[in-house]
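If you want the building blocks of each chain, they are given just below.
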Amino acid sequence: MSTSTVYPLLSLSSELKAALQERTEHCLRSIAAANITTQYGNSAVSLSPFRQAITGKNVKEDPTIIEDFRRVVPVTDYESYSPFVAKFFSHPRKRSELENLLAPGLPSFIGISSSTTRNRSKLFAKYSRGWSNTPPSFAELLQSAKSEKTAYIYCFAYRELLEIIGDDGEIVKKIPVCIGTCGGVRDAENWSVETDSTRMGAIMPGHVSPWATGFITHHRSFLLIHALFVLSEPALERFIMTFLTFFVDLIYHIQEHWDMLLSSVRDGTIPDIEHIDHVRTYLEVNFRANPQRAEELQSIGPPLTCNAWAKRVWPNLETLVCICSGTFATVMPKARSILGQNVLIQNVGYGCTECIMGRTLNVDDTETFVFDTGDFVEFLDISEALVHENILQSWDLQPGKCYQPVATTGDGLWRYLIDDIVQVTGFDPRSGSPVFKFYGRKNLAIRLPYAAITEAHLISVVRAIDTEDIVKVQEFTAIVDQRELPQTVGFFFEITGDAGHLAKFARQKAFEALVATNEEHQRAFDTGRLRLPTIRIVRNGTFAEYRLWRAESMKAGIGQIKVPVAMLNEGQQEWIAERVVMEL
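This text gives an overview of the structure that appears in the document. (Residues numbered from 1 in each chain as written. Predicted model: local features only at pLDDT ≥ 70, side-chain atom pairs only at ≥ 80, totals over all residues. Heavy atoms only, no water.)

Helix packing for two helices is described by the angle between their axes and how far apart those axes are. At a minimum axis separation of 8 Å, helix H16 (residues 455–465) and helix H17 (residues 506–517) run at an interaxial angle of 140°. As far as their axial angle goes, H17 and H16 are oblique. The two elements H16 and H17 meet at a crossing, and its hand is right-handed. In contact with His457, Ser460, Val461, Ala464 and Ile465 of H16, H17 contributes Ala506, Lys509, Ala510, Ala513, Leu514 and Thr517. (Axes fitted to C-alpha atoms, helices over the stretch in contact; angles between N-to-C directions. Helix = DSSP H or I, 4+ residues; strand = E, 2+ residues; numbered from the N terminus. Parallel < 35°, antiparallel > 145°, perpendicular 65-115°, else oblique. Left-handed = near helix turned anticlockwise from the far one by under 90°. Contact = heavy atoms within 4.5 Å.)

Structure follows, in C-alpha cells:
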C-alpha cells in the first residue's frame, strides 16, 4: 500500500471529468439493464415512465438511457421496497415467487440496518456481489489480514435463517437475516451458512480467535471471550472490528474482569460465562494453558493503569481497523491513550447497509473519504427541494457544499435517498471521484421551534468544551431538555478523569458554540425561548452499558448498536438519566 499522501483537487480537468462520466454512466447502464427486468423493475409504479422511455432500446449499451433515467426516475425511500422485502418473510417461501425480486437471482443475505432511533430496523435484500458488499479499503484489509495475527472481532450469527423452497418442495437455498458486516464478509469469503459447521472448531488463517466466537450473541460474553483469546496471543498485530467504541468497550471489560481473564490464561480454562454453552466445546479445543503469558500480563497490569498499555501487551501491534469518524471520533483520545502513538487507527471506509460508497483517501486520515463503489451514486444539494430534477452528478459537485447521496444499486434500489449528509472537499487526482467528509445524519437533528440542530452542530459544541480545563468528553448524546422552561439542548457526557477547574463555565461555552452554528439561538435566548444548554455527567461505563442494554433488548447484532447523537426515544432518555452522577 502506498504511503504517499493524496491531496484532493478543487476542480476537475476535462480529462478527469470525461473519464469519471464514462465510468459512472457505464455503471448505471449495467445496473439498469440487470434490474429493470426484475419483479420490482417490471411492476413499480415509480418506474413506469422509465419503462416506457426505454422500450425497444438496448439498456446496457444505448447512451440515451442515461438521459431517460435522469429525466423520469424519481427519488425513492424505504417504503417503496419494504413490501417486496416482506415477501421473504411470508410462507411458504417459494423460489418461483422470490427469485429476481429486486435484482437477478436470490439474495445472499437480508441486511439489517444499524439501529439508533428506530424501534424497528430496516431490512434490505443483498445479492451476491463478492467484495462489492464491503468497502474497497476494507476488502483489501480483510485479504491482507490472512497473513497477520489479527483479532477479527465480528459477529457471524444471524437473527433468522430463511429457507427457500423449489418446485419439488426441497430447500434450494438458506438466506441468513443478519447485520451488513456479517453478510458482506460471508459473501466475500464464500462462507455460506450451510458450511458453518465445518468451521466451528477452526481458527481461520490469520485469526487469533476460533470461528465459533462469532456465534456468541450476548454482548458481554462475546467481548470477554474475544478478550481471553487476544490476551493469550502476544504476537497480535491487528484489531479489526465495527466501531471504535467497540474497542473501548473491549478494554473496559478486560479492566473489569482482569483477574478472571488472567486466571483462565494461566490455567487454560474457559471461564464460567453465560450464553456460551453452544460454542464452549469449540472454544476449549482451541485454548491452552499459558502460565508464562499470564505472568507477563500480571507484571504489566490491567489496561487503565498506564498509557500505551496495548503496546506493552502486544509489542507487534500495528493497526486498529474500525469505523472511527464522525461521532465515533469522540472516543479517539481514550483509544489513543490505550494504544499509544505508534499504533495506526485506520477507518474501514464509508457506507451503510443500503450501499457501500467509499474508501479512505489516505490511510492515516480517518475523516476523509473518496467515492469508490460498484453502485451508481448521485447527489442532492441539501439546500434544494427533494425532487429528482435537482439531483446532481458527481462531476457537478462544488467543494465546500453539503449533499445527500442518492444511490441506484446492484441490489435493486433506484435513486434511493441515503440519510447521511456529506461535505465535498474536492476530487481525487487519480480518478476524479469526489472527496468528502461525513457531515452528519439527516434524520438525527434536534428540532426546536425556531431552528434545527444537526448532528454536526452538536459535535461542534462538544468539541468546544472538550478540554482539560472543563471536561474531557469520552462519549456523549443529546436531547431536548424540557425539565424546565424554556426548553434547551441537554447533553449527557461520559468523561475521562474529573471535571476541570473551569467546568462552571461549560454551559456558557456550550451556548457560545451553539450560537456559532446558527445565530438564531442567540435571538431565541434573548427573547426567552431558550436557556443555556444543560450538561449532565453519567457514571463511567454508561455508554458501554447502553450498547449492551440496547443490543439485548432489540436482539441486535453484536457490534451494531450505536449511541445516537440525538437521543429522541423517551425510554432511552429515562434510562440514561438514571445514571447521572453530576450536573454542571
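One pass over the full model with this rule turns up zero disulfides. Lacking any disulfide linkage, Cys27 is separated from the closest cysteine sulfur, that of Cys355, by 9.2 Å. Sulfur of Cys182: no disulfide; nearest cysteine sulfur belongs to Cys178 and is 3.8 Å away. Residue Cys182 is classed as buried on the basis of its relative accessible area, which comes to 1%. (Disulfide = S-S within 2.5 Å. Buried < 20%, exposed > 50% of the residue type's maximum accessible area, 1.4 Å probe, protein only.)

So, on to the sheet that holds strand E21 (residues 488–496). Consider a sheet: its strands pair through backbone hydrogen bonds, and that pairing is either parallel or antiparallel. Across the sheet, four strands lie side by side as E20-E21-E22-E23; this open sheet has mixed pairing. Only two strands of the sheet have a single neighbouring strand rather than two, namely strand E20 (472–481) and strand E23 (580–583). The sheet shows a mean angle of 30° between the axes of neighbouring strands, direction not considered. Where E20 and E21 come together, nine bridges link them in antiparallel fashion. (Pairing = 2+ DSSP bridges.)

With that out of the way, let us pick up the nonpolar core. Counting residues in hydrophobic clusters, the biggest one holds 67 residues, and the most contacted among them are Leu231, Phe239, Phe247, Ile254, Trp309 and Trp314. For this core, the element with the most residues is helix H9 (residues 219–232), which contributes nine residues. Not counting residues within four places of it along the chain, the set of residues in contact with Trp314 comprises Val230, Leu231, Glu233, Pro234, Leu236, Phe239, Arg293 and Trp309. If you look at the next biggest cluster of nonpolar residues, it comprises 56 residues, including Ala44, Ile110, Phe369 and Phe438. (Core = buried A, V, L, I, M, F, W, Y, C linked by side-chain atoms within 4.5 Å.)

Taking strand neighbours across the sheet as the criterion, the four strands line up as E2-E1-E5-E4 in an open arrangement whose pairing is mixed. Edge strands, defined here as strands with exactly one partner in the open sheet, are strand E2 (123–126) and strand E4 (160–165). This sheet shows a mean twist of 25° between the axes of neighbouring strands, independent of strand direction. The pairing of strand E1 (residues 109–112) with strand E5 (residues 171–179) spans three bridges and is parallel. Across the sheet, residue Gly111 finds its bridge partner in E5, namely Cys178. Here helix H8 (residues 180–189) sits on the sheet and contacts E1 and E5; the angle it forms with E5, its principal contact strand, is near 135°.

In this section: the pattern of salt bridges. As enumerated under the stated definition, the model contains 26 salt bridges in all. The partner of Asp196 in a salt bridge is Arg186, with the nearest N and O atoms 2.7 Å apart. With Asp196 in the loop between H8 and H9 and Arg186 in helix H8, the pair connects residues that are ten residues apart, well separated along the chain. On the accessibility criterion, Arg186 (4% relative accessible area) is buried. Beyond isolated ion pairs, a larger network of salt bridges with shared partners links Asp481, Arg483, Arg531, Arg536 and Glu583. (Salt bridge = Lys/Arg side-chain N within 4 Å of Asp/Glu carboxyl O.)

Consecutive side chains of a regular strand alternate in pointing toward one face of the sheet and then the other. As judged from the six bridges shared by E4 and E5, these two strands associate in the antiparallel manner. Bridge assignment links Leu162 to a residue of E5, and that residue is Ile175. The antiparallel hairpin formed by E4 and E5 contains five residues in its connecting segment, where Gly169 sits at a positive phi of about 85°.

What follows is about the side chain of His226. Residue position: His226 is located in helix H9. Judged by relative accessible area, His226 falls into the buried class, the value being 1%. Looking at His226, its side chain comes within polar contact range of the side chain of Ser209, at 3.3 Å. With residues up to four places along the chain from it excluded, the contact list for His226 reads Tyr152, Ile153, Ser209 and Thr213. (Polar contact = N/O pair within 3.5 Å; in protein donor to acceptor, adjacent residues only side chain to side chain.)

What follows deals with helix H15 (residues 332–339). Helical geometry: 3.6 residues make up each α-helical turn, so side chains three or four residues apart lie on a common side. Among the residues of H15, Met332, Lys334, Ala335, Ile338 and Leu339 are the ones counted as buried. On an axial view of H15, the arc spanned by its buried residues comes to 165°, and they lie on one face. Gly340, located one to two residues past H15, shows a positive phi value of around 90°. (Arc of directions from axis to C-beta.)

The next point concerns the environment of Ser108. Relative to the elements of secondary structure, Ser108 occurs in the loop between helix H6 (95–98) and E1. Relative accessible area serves as the criterion here: at 16%, Ser108 is assigned to the buried category. Along the backbone, Ser108 and Ile300 are 192 residues apart, and their C-alpha atoms lie at a distance of 45 Å. When residues no more than four places from it in sequence are discounted, the contact partners of Ser108 are Lys126, Tyr127, Ser128, Lys173, Ile175, Pro176 and Asp187.

Another point: the packing of aromatic side chains. One pass over the structure, following the stated rule, counts 34 aromatic pairs. Judged by centre distance (5.4 Å) and plane angle (70°), the rings of Phe239 and Phe247 are edge-to-face. The pair Phe239 / Phe247 is uniform in exposure class, with both members buried. Through pairs of rings, three or more aromatic residues link up here, namely Tyr350, Phe369, Phe371, Phe379, Tyr403, Phe436 and Phe438. (Phe/Tyr/Trp six-rings, centres within 6.5 Å; stacked < 30°, edge-to-face > 60°.)

Here we take up unusual backbone geometry. Looking along the chain, the bond that leaves His91 and enters Pro92 is cis, with omega of -10°. One can find Pro92 in the loop between helix H5 (82–86) and H6. A positive phi angle, close to 55°, is found at Asn100, a residue other than glycine. With a relative accessible area of 33%, Asn100 lands in the partly exposed category. Its identity is not glycine, yet Ala308 carries a phi of approximately 55°, on the positive side. Structurally, Ala308 is set in the loop between helix H13 (291–300) and helix H14 (309–313).

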